[in-house]
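Secondary and tertiary structure notes
Here is what each chain is made of, one letter per residue.
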Amino acid sequence: MVLEILGGIWSGSLALLADSGHMAIDTAAVALGLFAIWIARRPPTDQRTFGYYRAEILAATVNGALLVAVAVWIFYEAFGRLNEPHPVNGPLMTVIAVGGLIVNLVGIGLVRGHSHSNLNMRAVTLHLIFDALGSAGAIIAGVLVWRQGWVLADAIVSMLIGTLILHGAFKLLGECVDILLESVPAGMNAEMLRVDLRKVDSVTEVHDLHIWSIASGVIAMSAHVKVKSGADHGCVLAACTQMLHDKHAIDHATLQLEPETYSHEDTHLDCQRTKG
């Protein structure tokens, strides 16, 4: 990062400065990601009964916002250079960009295997991937400036890097927003889950069904399930829980079993009359 900052100043390259600025944010992103992992491992409390799982989502959201900020800065600087081209030292820019690419590829190799089911680690990996793309773009721009004398290549490549960063940032933020709004997790179908619960022996109706993610890879659900009169509620609950685990990979389910004749409205009214 320090070499790219110095190289960007010495060579006059916006692409190198953009990449180094992104690396500076990456340093904060990795630190924030590690802090979120540490916090998420803390046990639940009476005030936070789900524990601190959502810390990783907050960290991923902040990282996504930082990516957007970097992209906006890159666009701002690139438009300025399109109007007023700056001299760029192509050979120096290319050499430093190659070094940056090597470092970023090593970083990606270290963390990518842990990013498949964790939004926080995916955010960190995205930072490193976009850093690598930035270095690759800087190499291309450096060669064009060096061999062809096309100074505008530096600004154009910087804008392409900014576009890639925005795309990844918005996708990441969208996933974070879905979790924070407790949307149905991607790949899950609420209606299909409702149908599968109705197929369980003695189940007659399913309502008030909710499915959400506590954190990436941690899915929870709740539902009211009506069962036939005389059915063994323990057996029905066990069958429902087993089906949710086997077919939908849901291990945190809260099911309220109700007799067929049970009505929330009527029961409430009867209780009020009894109290009177």
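It should be noted that the structure appears before, not after, this text.
What counts, and at which threshold
Throughout this description, residue numbers start from 1 for each chain and increase along the sequence as written. Local features in this predicted model are restricted to residues whose pLDDT is 70 or higher, and side-chain atom pairs enter the listing and the counts only when it is 80 or higher, whereas totals over whole chains, interfaces and linings include all residues. Here the side-chain values reflect all heavy atoms present in the structure, with hydrogen atoms and water set aside. Each residue's exposure class comes from its accessible area (1.4 Å probe, protein chains only) as a fraction of the maximum for that residue type: buried when under 20%, exposed when over 50%, partly exposed otherwise. Under the DSSP-based scheme used, a helix requires at least four consecutive residues in state H or I and a strand at least two consecutive residues in state E, with every element numbered from the N terminus. Picture the helix axis, draw a direction to every C-beta atom, and the arc is the one those directions span. Any two residues whose heavy atoms approach within 4.5 Å are treated as being in contact. Any N or O atom pair separated by 3.5 Å or less is treated as a polar contact, with the protein-specific requirement of one donor-capable and one acceptor-capable atom, and with residues adjacent in sequence counted only for side-chain atom pairs. Think of it this way: a Phe, Tyr or Trp ring, Trp meaning its six-membered ring, pairs with another when their centres are within 6.5 Å, and the plane angle makes it stacked under 30 degrees, edge-to-face over 60, tilted otherwise. By the criterion adopted, a ring carries a charge over it if an Arg CZ or a Lys NZ lies within 6 Å of its centre and within 35 degrees of its normal. Patch building starts from residues that exceed 30% relative accessible area and form no salt bridge, then joins like charges within 9 Å and nonpolar side chains (Val, Leu, Ile, Met, Phe, Trp, Tyr) within 5 Å. For the accessible areas, the method is Shrake-Rupley and the probe is 1.4 Å, while residue cover comes only from the protein chains on display. Salt bridges are defined as contacts in which a side-chain nitrogen from Lys or Arg sits within 4 Å of a carboxyl oxygen from Asp or Glu. Residues belong to a common nonpolar core when they are buried Ala, Val, Leu, Ile, Met, Phe, Trp, Tyr or Cys residues joined through side-chain atoms within 4.5 Å. Only strands joined by at least two bridges in the DSSP assignment are considered to pair. Every axis corresponds to a line fitted to the C-alpha atoms, with the helix fit spanning only the stretch in contact, and the corresponding angles, defined between N-to-C directions, vary from 0 to 180 degrees. A pocket here means an open set of points on a 1 Å grid, computed over the protein atoms alone, that has protein on both sides within 12 Å along at least five of seven lines. A cavity is instead a set of points where a 1.4 Å probe fits but cannot get out; residues with an atom within 4 Å of a point line either one. Grid points are joined across faces, edges and corners, and a volume is the space filled by probe spheres set on the points. The residue classification treats Ala, Val, Leu, Ile, Met, Phe, Trp, Tyr, Cys and Pro as nonpolar and Asp, Glu, Lys and Arg as charged. All others, Gly included, are polar. Each angle gets one of four labels, with under 35 degrees taken as roughly parallel, over 145 as roughly antiparallel, 65 to 115 as roughly perpendicular, and the rest as oblique. Crossings are classed by handedness, with left-handed meaning an anticlockwise turn of the near helix from the far one by less than a right angle and right-handed meaning a clockwise turn.

Leu 193, Arg 194, Asp 196 and Leu 197 are the residues of helix α7 (residues 190-198) that are buried. Down the axis, α7 shows its buried residues gathered within 160° of arc, on one side only. Tucked inside the fold, the buried residues of α7 contact β1 (203-215), β2 (218-227) and α8 (233-248). You can read the cap of α7 off the contacts: a side-chain oxygen lies 2.9 Å from the backbone nitrogen of Glu 191, and it is on Asn 189.

Per the counting criterion, the structure on display carries zero aromatic pairs. The ring of Trp 146 has Arg 147 lying over it, and the distance from NZ or CZ to the ring centre is 4.6 Å.

Turning next to a nonpolar patch on the surface. A surface patch of nonpolar side chains, about 590 Å² in accessible area, is lined by Met 1, Val 2, Ile 5, Leu 6, Ile 9 and Trp 10. Within the secondary structure, Ile 5 is located in helix α1 (residues 2-11).

For the structure on display, the rule yields four salt bridges. Ionic pairing is found between Asp 154 and Arg 81, a salt bridge with its closest N-O pair at 3.5 Å. Here Arg 81 lies in helix α3 (residues 55-83) and Asp 154 lies in helix α6 (residues 152-180), a separation of 73 residues in the sequence. No difference in accessibility class separates Asp 154 from Arg 81, as the two residues are buried. Between Lys 247 and Asp 196 there is a salt bridge whose closest N-O contact spans 3.1 Å. Of this pair, Lys 247 sits in helix α8 while Asp 196 sits in helix α7, and the two are 51 residues apart along the sequence.

Here we take up the nonpolar core. Grouped together as the largest cluster of nonpolar side chains are 33 residues, with contacts concentrated most on Leu 16, Met 93, Ala 138, Ile 165 and Leu 172. Broken down by secondary-structure element, the contributors of at least two residues to this core are α2 (14-40), α3, α4 (90-111), α5 (119-148) and α6. Per element, the largest residue contribution to this core is ten residues, and it comes from α6. Setting aside anything within four residues of it in sequence, one finds Met 93 in contact with Ser 11, Ser 13, Ala 15, Leu 16, Val 88, Ala 138, Ala 141, Gly 142 and Asp 154. Counting residues in hydrophobic clusters, the runner-up holds 20 residues, among them Met 188, Leu 209, Met 221 and Leu 244.

What follows covers the sheet that holds strand β3 (residues 252-259). Strand order across the open sheet formed by three strands is β1-β2-β3, with mixed pairing between neighbours. At either end of the open sheet lies a strand with only one pairing partner, and these are β1 and β3. Going from strand to strand, the sheet's axes swing by 10° on average, the running direction of each strand aside. Here β2 runs beside β3; their pairing, made up of eight bridges, is parallel. Paired with Met 221 across the bridge in β3 is Ala 253. Across the face of the sheet, α8 comes into contact with β1, β2 and β3 while running at roughly 145° to β3.

Looking at where Glu 191 falls in the secondary structure, it is placed in helix α7. Taking the C-alpha atoms as reference points, Glu 191 and Leu 209, 18 residues apart in sequence, are found 9.3 Å from one another. For Glu 191, the side chain forms a polar contact with the side chain of Arg 194, separated by 2.8 Å.

Structurally, Asp 208 can be placed in strand β1. The exposure class assigned to Asp 208 is partly exposed, which follows from its relative accessible area of 42%. For Asp 208 and His 224, which are 16 residues apart along the polypeptide, the C-alpha to C-alpha distance reads 5.8 Å. Excluding its chain neighbours within four sequence positions, the residues that come into contact with Asp 208 are Ser 222, Ala 223 and His 224.

Time to look at empty space enclosed by the protein. Here the structure, examined in full by the defined rule, presents one cavity of 30 Å³ or more. Approximately 40 Å³ is the volume attributed to the largest cavity. Sorting elements by how many residues they give to the lining of the largest cavity places α6 first, with three residues. For the lining of the largest cavity, the per-class residue count stands at five nonpolar, one polar and two charged.

Here we come to the packing of α3 against α6. Packing of α3 against α6 leaves a shortest axis separation of 8 Å and a crossing angle of 155°. Comparing their axes, α6 and α3 come out roughly antiparallel. With respect to the hand of their crossing, α3 and α6 are arranged in left-handed fashion. The residue makeup of the contact of α3 with α6, split by class, is 25 nonpolar, five polar and two charged.

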